[in-house]
Amino acid sequence: MIRSSILLATLALVGSALAGPLQDGAVATAALSPGAVRQAPAPHKPLLRGELTLSRDLVTFGDLIAGLSAQDAAMPAFRAPALGETGTIQVARIVEAAKSGGILRDAADLDSQGIAQVVVSRAARRIMASDIEAAVKTGLRERFGVDSHAFALAMDGGAPSIAVEPELTGAMSVLDLSFDPRSRRLQARLTVPGSAAMRLKPVHISGQLVETVEVVVPRRAIARGETLTAADVIMERRPRDGQSGELIGEIQGAVDKVARRALLAGLPLRNGDVQREEIVGRGDLVTIIYEAPGLRITMRGRAGEAGAMGDVVSVTNPQSKRVLQGTVSGPGQVSVKSTMAGHIASAR
């Protein structure tokens, strides 16, 4: 009876629509055709995110799933990894948690994009060894009057791994500090002001101040045979050791020199790592410039050894086979000087 009433009402509506006048340009359609029933579009499914980075210690459902209502999105789901750490959450666990919270009815309600797990990273600011050293040196100066500019801090066991909240930009500070001037041994307890993580667990370090020297360090990797420029090197302080005498201690000792081997960025340069650029090669044909008071003679010769500008090398006159000692005075050029005129004739 109900279905008959609905059908009659439908026919009446259709009949009145067809009976009404058509506007200019309007098109009449067959509304009663069975194939003409329009299906409602399927609602979009909530979309699972494959990875995310958080700055808080809780993961909400809104972090994991896009397309939720504001109320569902704000609902806590899991604990985030520790500061600076990365973890994963299996999709099956996310679905079960969402079902328990009344967000999903079953797994079919979620578009997981074929993902098996979600990668969750916790943002953090990493505290470097240089940050710790700077804080300790400040504490030594303020509390003990120690000028530690020429020293480096060697921490027992190396620098600890420290991560704090990413929004904190302040420097580390020393809570407690002990120092023995004779042995230069020290112990310190440090924190970053405002850090909840470090308030619960301050950093404890022990170590020793070691004397340093200034050395030349490449800023980048240098290939063998490459000429170094002032932009390629920098001066840094490094711990003094038994081999510090071999290290280059001035920029001028490296600039315009040629790398004798491949050089690594950040590794202090030694005297044997570079050499002056050779402008005369061993066995090269060179111009010999023989000079004596009032005379200047040029001839062709062959270099017996390689040399840079200003080096003394041996050269041979191919005609007389005489070997002379001269100074490299330019590319492919060796100057030989004599104060005795009699030597001029014998050199030719």
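Residues numbered from 1 in each chain as written. Predicted model: local features only at pLDDT ≥ 70, side-chain atom pairs only at ≥ 80, totals over all residues. Heavy atoms only, no water.

Draft legend 1. Seen up close, the overall build of the chain. Of the regular secondary structure elements, the chain holds seven helices and 23 strands. Expressed as a percentage of the 348 residues in the chain, the buried residues total 33%. Long-range pairs, those at least 24 residues apart, make up 56% of the contacts in the chain between residues at least 6 apart in sequence. A total accessible area of about 21300 Å² is found for the chain, and carbon and sulfur atoms account for 53% of it. (Helix = DSSP H or I, 4+ residues; strand = E, 2+ residues; numbered from the N terminus. Buried < 20%, exposed > 50% of the residue type's maximum accessible area, 1.4 Å probe, protein only. Contact = heavy atoms within 4.5 Å. Areas by Shrake-Rupley, 256 points an atom, 1.4 Å probe, with all protein chains shown as cover.)

Draft legend 2. Layout of helix α5 (residues 129-144). For α5, spanning 16 residues, the distance from its first C-alpha to its last is 22 Å, which sits close to the expected 22 Å at 1.5 Å a residue. Restricting attention to buried positions, one finds in α5 the residues Ile132, Glu133, Ala135, Val136, Lys137, Gly139 and Leu140. The secondary structure elements touched by the buried residues of α5 are β8 (125-127), β9 (151-155), β10 (162-164), β11 (173-180), β12 (185-191) and β13 (203-218). At the exit of α5 stands Gly145, carrying a positive phi of roughly 70 degrees. (Expected span 1.5 Å × (residues − 1).)

Draft legend 3. Spatial organisation of the sheet that holds strand β6 (residues 86-90). Read from one edge to the other, the open sheet built from three strands follows the order β2-β7-β6, with strand pairing classed as mixed. A single partner strand is all that each edge strand has here, and the edge strands are β2 (51-54) and β6. Taken over all neighbouring pairs, the strand axes of this sheet differ in orientation by 25 degrees on average, direction set aside. This element, helix α4 (residues 91-100), spans β6 and β7 (117-122) of the sheet and lies at about 65 degrees to β6. (Pairing = 2+ DSSP bridges. Axes fitted to C-alpha atoms, helices over the stretch in contact; angles between N-to-C directions.)

Draft legend 4. How the structure looks around the confidence of the model for the chain. Across the chain, the average pLDDT comes to 83, with 84% of residues at or above 70. Across residues 1-33, where pLDDT falls below 50, the model places three contacts with residues more than four positions away in sequence or in other chains. Every residue in residues 341-348 is under pLDDT 50, and counting partners more than four places away or in other chains gives 16 contacts. (pLDDT = per-residue confidence, 0-100.)

Draft legend 5. Representation of the nonpolar core. Ile132, Val136, Leu140, Met172, Leu186, Leu190 and Ile205 are the most contacted members of the largest nonpolar core, which has 24 residues in total. When residues in this core are grouped by element, the largest group, four residues, is from α5. Residues within four places of Leu186 in sequence aside, it is in contact with Val136, Leu140, Leu153, Ser178, Phe179, Ile205, Ser206, Gly207 and Leu209. Core analysis: the second largest hydrophobic core is formed by 20 residues, Leu52, Leu64, Phe78 and Val95 among them. (Core = buried A, V, L, I, M, F, W, Y, C linked by side-chain atoms within 4.5 Å.)

Draft legend 6. Examining the pairing of strand β22 (residues 323-330) more closely. Summarising the sheet, strand β21 (residues 312-316) and β22 pair through five bridges and their orientation is antiparallel. Within β22, the position partnered with Thr316 by the bridge is Val323. Counted between consecutive antiparallel strands, the loop separating β21 from β22 contains six residues, among which Lys321 sits at a positive phi close to 65 degrees. Taken together, β22 and the strand that follows it, strand β23 (residues 333-337), pair antiparallel across an intervening segment of two residues, in which Gly332 is found at a positive phi of about 65 degrees.

Draft legend 7. Layout of the pattern of salt bridges. One pass over the structure, following the stated rule, counts 15 salt bridges. A salt bridge links Asp232 to Arg220; the nearest nitrogen and oxygen atoms lie 2.9 Å apart. Of this pair, Asp232 sits in the loop between β13 and β14 (233-239) while Arg220 is found in the loop between β13 and β14, placing the two residues 12 residues apart along the sequence. By sharing partners, the salt bridges in this structure join Arg220, Glu226 and Asp232 into a single network. (Salt bridge = Lys/Arg side-chain N within 4 Å of Asp/Glu carboxyl O.)

Draft legend 8. Geometry of the environment of Ile89. Here Ile89 shows up in strand β6. In this structure the C-alpha to C-alpha distance between Ile89 and Val119, which are 30 residues apart in sequence, comes to 6.7 Å. Beyond its immediate sequence surroundings of up to four residues, Ile89 is in contact with Leu64, Phe78, Ile94, Gln117, Val118 and Val120.

Draft legend 9. Fine view of the sheet that holds β23. What the five strands build is a closed barrel, ordered β18-β19-β21-β22-β23; its pairing is mixed. Between one strand and the next, the sheet's axes are offset by a mean angle of 50 degrees, whatever the strand orientation. The sheet contact formed by strand β19 (residues 295-303) and β21 spans two bridges and is antiparallel. Residue pairing for β21: Arg302 is matched across the bridge by Thr316.

Draft legend 10. Spotlight on the side chain of Ser195. Note that Ser195 resides in the loop between β12 and α6 (196-200). A relative accessible area of 2% places Ser195 in the buried class. A distance of 3.5 Å separates a polar atom in the side chain of Ser195 from the backbone nitrogen of Ala197. (Polar contact = N/O pair within 3.5 Å; in protein donor to acceptor, adjacent residues only side chain to side chain.)

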